[in-house]
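The chain contents come next:
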Amino acid sequence: MRKKIVAGNWKMNKTLQEGIELAKEVNAKVKALNAQNVQVIVGTPFIHLAEVAKVVDPVIAVSAQNCATEVSGAFTGEVSAAMVASTGSRYVILGHSERRSYYGETDAILVKKVARALENKLDVIFCVGEVLEERETEKHFEVVKSQLVNGIFNLSNEEFAHVIIAYEPVWAIGTGKTATSAQAQEMHAFIRKTVAEKYGKETAENTSILYGGSCNAKNADELFTNPDVDGGLIGGASLKAEDFSLIVAARSKH
Ligand code: PGA
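Rules and cut-offs
- Residues numbered from 1 in each chain as written.
- Predicted model: local features only at pLDDT ≥ 70, side-chain atom pairs only at ≥ 80, totals over all residues.
- Heavy atoms only, no water.
- Axes fitted to C-alpha atoms, helices over the stretch in contact; angles between N-to-C directions.
- Helix = DSSP H or I, 4+ residues; strand = E, 2+ residues; numbered from the N terminus.
- Parallel < 35°, antiparallel > 145°, perpendicular 65-115°, else oblique.
- Contact = heavy atoms within 4.5 Å.
- Nonpolar A, V, L, I, M, F, W, Y, C, P; charged D, E, K, R; others polar.
- Core = buried A, V, L, I, M, F, W, Y, C linked by side-chain atoms within 4.5 Å.
- Buried < 20%, exposed > 50% of the residue type's maximum accessible area, 1.4 Å probe, protein only.
- Near = heavy atom within 4 Å.
- Polar contact = N/O pair within 3.5 Å; in protein donor to acceptor, adjacent residues only side chain to side chain.
- Salt bridge = Lys/Arg side-chain N within 4 Å of Asp/Glu carboxyl O.
- Pairing = 2+ DSSP bridges.

Undergrad: An account of the packing of helix H5 (residues 107-119) against helix H7 (residues 140-151) is needed here, citing residue identities and associated values.
TA: The interhelical angle for the contact between H5 and H7, taken along N-to-C directions, is 50°, at an axis separation of 9 Å. The orientation of H5 relative to H7 falls into the category oblique. Within the contact between the two elements, H5 uses Asp107, Val111 and Val114 and H7 uses Ser146, Gln147, Asn150 and Gly151. Residues belonging to the contact of H5 with H7 are distributed by class as follows: two nonpolar, four polar and one charged.

The structure is reproduced here in structure tokens:
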């Protein structure tokens, strides 16, 4: 059975000390919920990973937000998947729209990053999603399908079992404009169907598909009632322990 997941994406926020404080608060609140049916993940900047991994209980997993395309060597400023794994992190977010648009991450780059992550036993939270113009011109299904096909459909069935998909419509990220519950369900069902066509129904049924884009303590409940919305990738609201734990509670309830 697929996992219910609530993952925070802190993006480029919090100093190390602030991050440790936030992780401790999140840990206390999530532990108090005793939401055993939800995998809770916090996606922190690289420098926080090792310290955050030390202060959270095993109920919370730690995730990086990126990793290098290369294994090791003369790549100044890069952080390898092996380094991420050595901090105790179990996940890495790849293909986030901010990385695709601001840092020029193409499908070809993402194929390499996904490979490095899986070689190092990191599970991948792979982000897909259309920009506003693509939705308005009804190209959203085509765009998302192409991101899946070109980014992760080269994987074997066994490898694909270590992938979580996050549907994040770009027009909803950080804008306060959430996809409607129906729009989210429609796209999630499409993603599951697309995965089934490639990997079979069983794999598709076991793949967790998260919604991201202005998901918050108020709208999480409705989004999570959808049968194909398995959880959320949470940006802004993951920076407040109270809000984040309310989203975990909403996920746990359904
Ligand atoms: P948001 O970000 O919740 O702040 O919209 C989501 C994300 O980018 O992962």
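Undergrad: With reference to specific residues and values, describe the nonpolar core.
TA: Counting residues in each nonpolar core, the largest one holds 62 residues, and the members touching the most others are Ile152, Ile165, Ile191 and Tyr211. Discounting chain neighbours no more than four positions away, the residues touching Tyr211 are Tyr167, Pro169, Ala172, Thr178, Ala179, Ala184, His188, Leu223, Val229, Gly231, Gly232 and Leu233. Ile41, Cys127, Ala166 and Leu210 belong to the second largest nonpolar core, which has twelve residues in total.

Undergrad: Help me get a handle on the site of the ligand, residues and values and all.
TA: Surveying the vicinity of the ligand reveals 13 residues, the closest of which are Lys11, His96, Glu168, Gly174 and Ser214. The separation between an oxygen atom of the ligand and a polar side-chain atom of Lys11 is 2.7 Å. Taking Gly235, its main chain carries an N or O atom lying 2.9 Å from an oxygen atom of the ligand.

Undergrad: Give me the lowdown on the pattern of salt bridges, citing residues and values where you can.
TA: Considering all chains together, one arrives at 17 salt bridges under this definition. Arg135 is paired through a salt bridge with Glu130; the nearest N and O atoms lie 2.7 Å apart. Arg135 gets classed as buried once you look at its relative accessible area, which sits at 13%. Between Arg192 and Asp228 there is a salt bridge; the shortest N-O distance is 2.5 Å. Placement of Arg192 in helix H9 (residues 181-199) and of Asp228 in the loop between helix H11 (220-224) and strand S8 (231-234) is noted, with a sequence separation of 36 residues between them. Residue Arg192 is classed as buried on the basis of its relative accessible area of 5%. Residue classification places Asp228 among the buried positions, given a relative accessible area of 13%. Members of the salt-bridge network, linked through shared partners, are Arg2, Arg192, Lys201, Glu205, Asp228 and Asp230.

Undergrad: Provide a residue-level description of the pairing of strand S5 (residues 123-128), including the pertinent values.
TA: Counting buried positions along S5 gives six out of six residues, so the element sits mostly inside the fold. Along S5, one buried face is formed by Asp123, Ile125 and Cys127 and the opposite face, lined by Val124, Phe126 and Val128, is buried too. Where strand S4 (residues 91-94) meets S5, four bridges bridge the pair, whose relative direction is parallel. Each bridged residue has a counterpart across the sheet, and for Ile93 the counterpart in S5 is Ile125. Of the pairings in the sheet, the one linking S5 to strand S6 (residues 163-167) comprises five bridges and is parallel in character. Across the sheet, the residue bridging to Ile125 is Ile164, located in S6.

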